[in-house]
There are 4 protein chains.
Amino acid sequence: MSEFSSIGLVGRQDNANISDSLNTLADFLLRRSGIKLVIDEAVSSFMHDHKAYSEMQVIPQKDLHKHCDLVIVVGGDGSMLKVAGSLANQDLPVVGINRGRLGFLTDIRPEEIESVLGQVFDGQYKEESRFLLNVSMQRAGKTEQIGCALNDVVLHPGSAAQMIELSLFIDEEFVYDQASDGLIVATPTGSTAYSMSAGGPIMHPKLDAVVLVPMYPHSLSSRPVVIDGNSEIKIIVGDRHNVMPQVSCDGSVEFTAEAGDEVLVSKKAEKLRLLHPIEYNYYATCRSKLHWSKRFGSS
Amino acid sequence: MSEFSSIGLVGRQDNANISDSLNTLADFLLRRSGIKLVIDEAVSSFMHDHKAYSEMQVIPQKDLHKHCDLVIVVGGDGSMLKVAGSLANQDLPVVGINRGRLGFLTDIRPEEIESVLGQVFDGQYKEESRFLLNVSMQRAGKTEQIGCALNDVVLHPGSAAQMIELSLFIDEEFVYDQASDGLIVATPTGSTAYSMSAGGPIMHPKLDAVVLVPMYPHSLSSRPVVIDGNSEIKIIVGDRHNVMPQVSCDGSVEFTAEAGDEVLVSKKAEKLRLLHPIEYNYYATCRSKLHWSKRFGSS
Amino acid sequence: MSEFSSIGLVGRQDNANISDSLNTLADFLLRRSGIKLVIDEAVSSFMHDHKAYSEMQVIPQKDLHKHCDLVIVVGGDGSMLKVAGSLANQDLPVVGINRGRLGFLTDIRPEEIESVLGQVFDGQYKEESRFLLNVSMQRAGKTEQIGCALNDVVLHPGSAAQMIELSLFIDEEFVYDQASDGLIVATPTGSTAYSMSAGGPIMHPKLDAVVLVPMYPHSLSSRPVVIDGNSEIKIIVGDRHNVMPQVSCDGSVEFTAEAGDEVLVSKKAEKLRLLHPIEYNYYATCRSKLHWSKRFGSS
Amino acid sequence: MSEFSSIGLVGRQDNANISDSLNTLADFLLRRSGIKLVIDEAVSSFMHDHKAYSEMQVIPQKDLHKHCDLVIVVGGDGSMLKVAGSLANQDLPVVGINRGRLGFLTDIRPEEIESVLGQVFDGQYKEESRFLLNVSMQRAGKTEQIGCALNDVVLHPGSAAQMIELSLFIDEEFVYDQASDGLIVATPTGSTAYSMSAGGPIMHPKLDAVVLVPMYPHSLSSRPVVIDGNSEIKIIVGDRHNVMPQVSCDGSVEFTAEAGDEVLVSKKAEKLRLLHPIEYNYYATCRSKLHWSKRFGSS
């Protein structure tokens, strides 16, 4: 008997070329006895032609926990980022299938669906708890919830080729004033994403820490700063003529700030329950995705 | 007798706090016998109250060369960038007065106006030739002039938190495809500006070279590339859903590109004739502005 | 009454210009009633001429805990590094006086001896627990203790201009093979020292983490990796003709390795009890020592 | 008829696994009519068993120009570096065969010997002129020649884990005082070697420039500086207790310096005449050796 008997499939509406993976996956799941299949709207739009479509229940993403005990995300790390907050809120374990190349978060390849997912259903998997960042904004004494992020929160100029000014506080202690292209606040999960392009360190997923990476700072001595994961981060937006900085969560613009706004970033209480194949190894993923085995000219 | 007898004053309309420097400067110039003063509109707006305002001729910037043989820019490096292309076209020597802190381009402090400018008028100065970059755009077989830049040409996403894709060619040779936040093409003059924040090297102003600096590239092995100053650079804008990359010259957005557009960057024929105080030294400016004398903790 | 009644003074024999600070310090301490003074050999060598020299007891560093309840280090961060392991073993709190410029570890200036040390004696201080790294070496089945480090453990070629090869394991998981100039393993305390010059991030002292920084790696995609402070790090020395890599602790060469040697680095059980002035603030020290307030050209 | 009729083969005595390539090469050369073969001692040691060994003339490397009109280096970029100075002095064109993987300097693969070398003999090749750096040392008024380098001259501490201090002058102008692990002076040819690991930019081989790259400088605002290739570089060795900095040319230690020594680096008059296959393209080599085509995770 499977550890999981009711499976939710989620995806992204803008990712048309996941149809094949979805059909293979549905076929596999339906062949296993006692598996019930629920799908969200995005997946539904790609599966009307499946012979067993009528047996699948279409459920809004936020209600998945009422109908299934495991979620499978199809489509790549970007798809996982889109649903991470919702799945964390529902305390639902999730496993990711990555069409094409390996992802950091979606580490099952389409051709491994049968073998690896079979193991997962049989209880052969590694479960990780990945924390998210919560972002809120304080203006004129009022606090407003903005969003949450599995990878990173970024404060950047709304339109490009402009500088922003900000003041950074950690746990109410003043850190620095900065003139730059922006500031990245990244989790260990996000440390191999945008933060890494910007010069941030890799942080092991088990580390309870957050990194602050200045983007093209005007001071040459600014460096990434790694702080405790439970820190309260406050960024006060500076006053520069005509610049309206934006706050992005995992790459989606969520808020346009004004001078004086306080952007608050801290750990979200609910964690993402991320399942990996049993043979998953973080450093192996790094070696593969970051080409660590490659030295100069070893082709 | 002065080497220069007719002086043009130029500035920026948005820089209200240059009035003091302008008045001090005008007083000094008018005290010298045989000096004629012409001003552009920006400067004119700040000098209506000067007692000798009626003796000053207001001239459009592009016609300065018909009326003066030296131009003085008041206001900082940003003001110099604004007029560099026009002054290069007119083959007019220029010297910069920097309100407040020293600039890389405007290296006379307000308190030095009398002593240092006096030397310049007496022929005691260093003249440098600084080259600019010319930018044009090719779409559907048509070429359009976009602008010129003394510091840098930057291709970047129109709105932030997006990636752009581009193909780079130098002298018709393919260099690389790149997914990144953009690409900086900088002159030696611009190598101590935005390019430096992005990890580019410092290039001595006498060097006939251009540096290409990828901005947060997705490939970790991308590096700044320094090429001959006479190279023809072609950037073909890639095709990404909803992204409209912009081209900036010295920080001003000049053009919004579409997929398939070819952005062409090459050396502008006309050079900027930049005058420095006789005791000017490039490395001394670097030491001062980049705090090279400072080691960790030497306060 | 003082919280501390018996004070040990330690220093470095090679630091002749600390005599003034030592004498001022001794005068101040002896003026306070009920304070007993013990000194180590290094300090003893500078204080023979002090009028109360006969009242001071000269004690070997390792026995300080039997004779005093607070240690004062005079001389700079380097002096603190020299005694950190010994003081951690003895569970003795320590405060540092820095001749000249501010240190990260020794943050009392000579001119503040009376005011700030007075506060410390009155119980007005901040106590921090700083962890050290323990290094041992495994060869042919035998394990040998090598040393400990408050800042960093560095594996590097014995003589310069050579490359070393190593294999890195963390908690028995293979991380990578690396060809480079070496590898730095740094604590949060060491993150503002050598590791920072090599591109490592700043890590807040409260963070329970260690950073691994590759030195000039041959692979361009190698990055600093931050891992949990309780990780077991194993570096297997590779086989390269004629290269005998050395292991340094806080800058002192402690061991010369051979191909096949396993260098083991892990957290030392005993922590350093570091006292700071009550108004101490980590970020303020960063701002001061790293010149964070300085932007380009703001002189 | 061949453009080259007398061919010299050179190699390195410490590279035993080049025998196969040498034999294949010799066979190919001897099959072409009218080709005379001369070899240096290193190659001679590997070819005693060749059936035509008696027809080959063994010539000291420095006299090759008297006996041949083209030199072939077998063994990789390191082998080319070893002979570059000597071949430049003799004005002898050289082409490189790289056992195993592609090199930046030795760009013919063993399996291409017949096809590509055939083209070269038929006059189908690209010739590049690569400049070298000349290093001399001034002590107590006397100047001594130290060596020359195709890639880089490096000043570094003789033994590791130490800091050196130096003062840098370019064309008699003071640039900076620096405390660091050393200083790299690299040519465009060397810009893809050690200099790149240390953060230096890539410089196109046609660029007449030299880059100065500080190694782990104590000042966070030190950056690589690119200067004109004809500059006279002077490094004055600072005075630090017990540190004897060494000067390396292309990775070989050539000289041990004392405090006060002046190390002089400038362009060597004689250039290396480097031949490439006709389809050679610099950027293609970069893409291949630096994995520019690789984005994160594109495996």
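Predicted, not measured: the structure shown is a model, and the values here were computed from it.

Draft legend 1. Seen up close, helix 4 (residues 113-121) of chain B. Residue and element names in this part refer to chain B. For helix 4, the set of buried residues is Ile113, Val116, Leu117, Gly118, Val120 and Phe121. Looking at the buried side of helix 4, the elements it contacts are strand 1 (6-10), helix 1 (19-31), strand 4 (70-74), strand 5 (93-97), strand 6 (125-130) and strand 20 (272-277). Immediately beyond the C-terminal end of helix 4, within one or two residues, lies Gly123, with a positive phi of roughly 90°.

Draft legend 2. Seen up close, the domain arrangement of chain A. Residues and elements named next belong to chain A. Domains assigned within chain A are domain 1 (6-123) and domain 2 (132-269). Averaged C-alpha coordinates put domain 1 and domain 2 at centres separated by 32 Å. Contact with domain 1, which involves eight residues of that partner, is made by nine residues of domain 2. When the area that domain 1 buries against domain 2 is broken down by residue, the three leading residues are Leu81, Phe104 and Leu105, summing to 54%. On inspection of domain 1 and its partner domain 2, the count reaches zero salt bridges. Where domain 1 meets domain 2, there are two residue pairs in polar contact (both at pLDDT 80 or more).

Draft legend 3. Just unusual backbone geometry, in detail. The phi angle at Asp171(A) is positive, at roughly 50°, despite the residue not being glycine. With respect to the helices, strands and loops of the structure, Asp171(A) is situated in the loop between strand 10 (164-170) and strand 11 (173-180). Accessibility expressed as a relative area gives 42% for Asp171(A), which makes it partly exposed. The phi dihedral of Glu172(C) falls on the positive side, at around 70°, and the residue is not glycine. Along the polypeptide, Glu172(C) turns up in the loop between strand 10 (164-170) and strand 11 (173-180).

Draft legend 4. Structural context of the pairing of strand 5 (residues 94-97) of chain C. What you see with strand 5 of chain C is no split at all: Val94(C) and Gly96(C) on one side and Val95(C) and Ile97(C) on the other are buried throughout. Traced from strand 4 (residues 70-74) of chain C through helix 3 (residues 77-90) of chain C to strand 5 of chain C, the parallel crossover comes out right-handed.

Draft legend 5. Local environment of the relation of the copies chain B and chain D. Once chain B has been moved 0.0 Å along the axis and rotated by 180°, it coincides with chain D to within an RMSD of 0.0 Å. Put plainly, the chains are arranged around a two-fold axis. Every residue of chain B has its C-alpha some distance from the rotation axis, and the shortest such distance is that of Pro201(B), at 3.3 Å. Taken together, the interface assignments show that 100% of the residues at the interface of chain B recur at the interface of chain D, consistent with an identical surface on both copies.

Draft legend 6. Local environment of the relation of the copies chain D and chain C. Of the two same-sequence chains, chain D is brought onto chain C (RMSD 0.0 Å, axial shift 0.0 Å) by a rotation of 180°. Of the residues that chain D buries at the interface, 100% are likewise interface residues in chain C, meaning the two copies contact each other through the same surface.

Draft legend 7. Structural context of the interface of chain D and chain C. Contacts between the two partners involve 20 residues from chain D and, on the opposite side, 20 residues from chain C. Both faces considered, chain D and chain C share a buried interface measuring about 1500 Å² in area, 61% of it formed by carbon and sulfur atoms. Across the chain D-chain C interface, the total number found is zero salt bridges. Summed over the shared surface of chain D and chain C, the result is five residue pairs in polar contact (both at pLDDT 80 or more).

Draft legend 8. View of the packing of aromatic side chains. A full pass over the atoms with the stated rule returns 26 aromatic pairs over all chains. An angle of 40° between the planes, with centres 5.8 Å apart, marks the rings of Phe4(C) and Tyr125(C) as tilted. Residue Phe4(C) is found in the segment before strand 1 (6-10), and its partner Tyr125(C) is found in strand 6 (residues 125-130); the two are separated by 121 residues along the sequence. Assigned by exposure class, Phe4(C) and Tyr125(C) land together as buried. Ring geometry for Phe169(C) against Phe174(C): centres 5.5 Å apart, planes inclined by 55°, an arrangement best described as tilted. Through a chain of ring-to-ring contacts, the aromatic side chains of Tyr194(A), Tyr216(A), Tyr194(B) and Tyr216(B) assemble into a single cluster. Of note, Lys234(B) hangs over the ring of Phe169(B), and the distance from its end group to the ring centre comes to 5.2 Å.

Draft legend 9. Region of the structure containing the nonpolar core. By size, the foremost hydrophobic cluster in this structure holds 48 residues, and its most contacted members are Val226(A), Val226(B), Val226(C) and Val226(D). Those elements giving two or more residues to this core turn out to be strand 12 (182-186) and strand 14 (209-215) of chain A, strand 12 (182-186) and strand 14 (209-215) of chain B, strand 12 (182-186) and strand 14 (209-215) of chain C together with strand 12 (182-186) and strand 14 (209-215) of chain D. The contacts of Val226(B), once residues within four sequence positions are left out, are Pro201(B), Met203(B), Ala209(B), Val210(B), Val211(B), Pro201(D), Ile202(D), Met203(D), His204(D), Leu207(D) and Val226(D).

Draft legend 10. Quick peek at the interface of chain B and chain D. Of the residues lining the interface, 38 residues belong to chain B; the matching set on chain D comes to 38 residues. Buried surface at the junction of chain B and chain D, summed over both partners, amounts to about 3300 Å²; 58% is from carbon and sulfur atoms. Of all the secondary structure elements, the ones that give two or more residues to the side of chain B that touches chain D are strand 10 (164-170), strand 11 (173-180), strand 13 (202-203), strand 15 (225-228) and helix 6 (282-290) of chain B. The leading source of residues in the side of chain B that touches chain D is strand 11 of chain B, at six residues. The residue makeup of the side of chain B that touches chain D, split by class, is 21 nonpolar, eight polar and nine charged. Across two bridges, the pairing between strand 15 of chain B and strand 13 (residues 202-203) of chain D is parallel. Each bridged residue has a counterpart across the sheet, and for Val226(B) the counterpart in strand 13 of chain D is Met203(D).

Draft legend 11. Structural context of the packing of helix 1 (residues 19-31) of chain C against helix 4 (residues 113-121) of chain C. Residues and elements named next belong to chain C. The N-to-C vectors of helix 1 and helix 4 enclose an angle of 45°; their axes lie 11 Å apart at closest approach. Taken as axis vectors, helix 1 and helix 4 run oblique relative to one another. Between helix 1 and helix 4 the crossing geometry is right-handed. From helix 1, Ser21, Thr24, Leu25, Phe28, Leu29 and Arg31 reach across to helix 4, where they touch Ile113, Glu114, Leu117, Gly118 and Phe121. Tallied by class, residues from the contact of helix 1 with helix 4 come to six nonpolar, three polar and two charged.

Draft legend 12. The pattern of salt bridges, seen in detail. All chains considered together, the criterion is met by 60 salt bridges over all chains. With a shortest N-O distance of 3.5 Å, Lys268(A) and Glu270(A) are connected by a salt bridge. Residue classification places Lys268(A) among the buried positions, given a relative accessible area of 9%. For Glu270(A), a relative accessible area of 34% gives the class partly exposed. Arg273(B) serves as the salt-bridge partner of Glu127(B), at 2.7 Å between the closest nitrogen and oxygen. Of this pair, Glu127(B) sits in strand 6 while Arg273(B) sits in strand 20, placing them 146 residues apart in sequence.

Cut-off values and rules
Residues numbered from 1 in each chain as written. Chains lettered and ligands numbered in written order. Predicted model: local features only at pLDDT ≥ 70, side-chain atom pairs only at ≥ 80, totals over all residues. Heavy atoms only, no water. Buried < 20%, exposed > 50% of the residue type's maximum accessible area, 1.4 Å probe, protein only. Helix = DSSP H or I, 4+ residues; strand = E, 2+ residues; numbered from the N terminus. Contact = heavy atoms within 4.5 Å. Domains from an automatic or database assignment. Buried area = accessible area lost by both parts, 1.4 Å probe. Salt bridge = Lys/Arg side-chain N within 4 Å of Asp/Glu carboxyl O. Polar contact = N/O pair within 3.5 Å; in protein donor to acceptor, adjacent residues only side chain to side chain. Right-handed = clockwise from strand over helix to strand, strands pointing away. Least-squares fit on C-alpha atoms with pLDDT ≥ 70 in both. Phe/Tyr/Trp six-rings, centres within 6.5 Å; stacked < 30°, edge-to-face > 60°. Lys NZ or Arg CZ within 6 Å of the ring centre and 35° of its normal. Core = buried A, V, L, I, M, F, W, Y, C linked by side-chain atoms within 4.5 Å. Nonpolar A, V, L, I, M, F, W, Y, C, P; charged D, E, K, R; others polar. Pairing = 2+ DSSP bridges. Axes fitted to C-alpha atoms, helices over the stretch in contact; angles between N-to-C directions. Parallel < 35°, antiparallel > 145°, perpendicular 65-115°, else oblique. Left-handed = near helix turned anticlockwise from the far one by under 90°.

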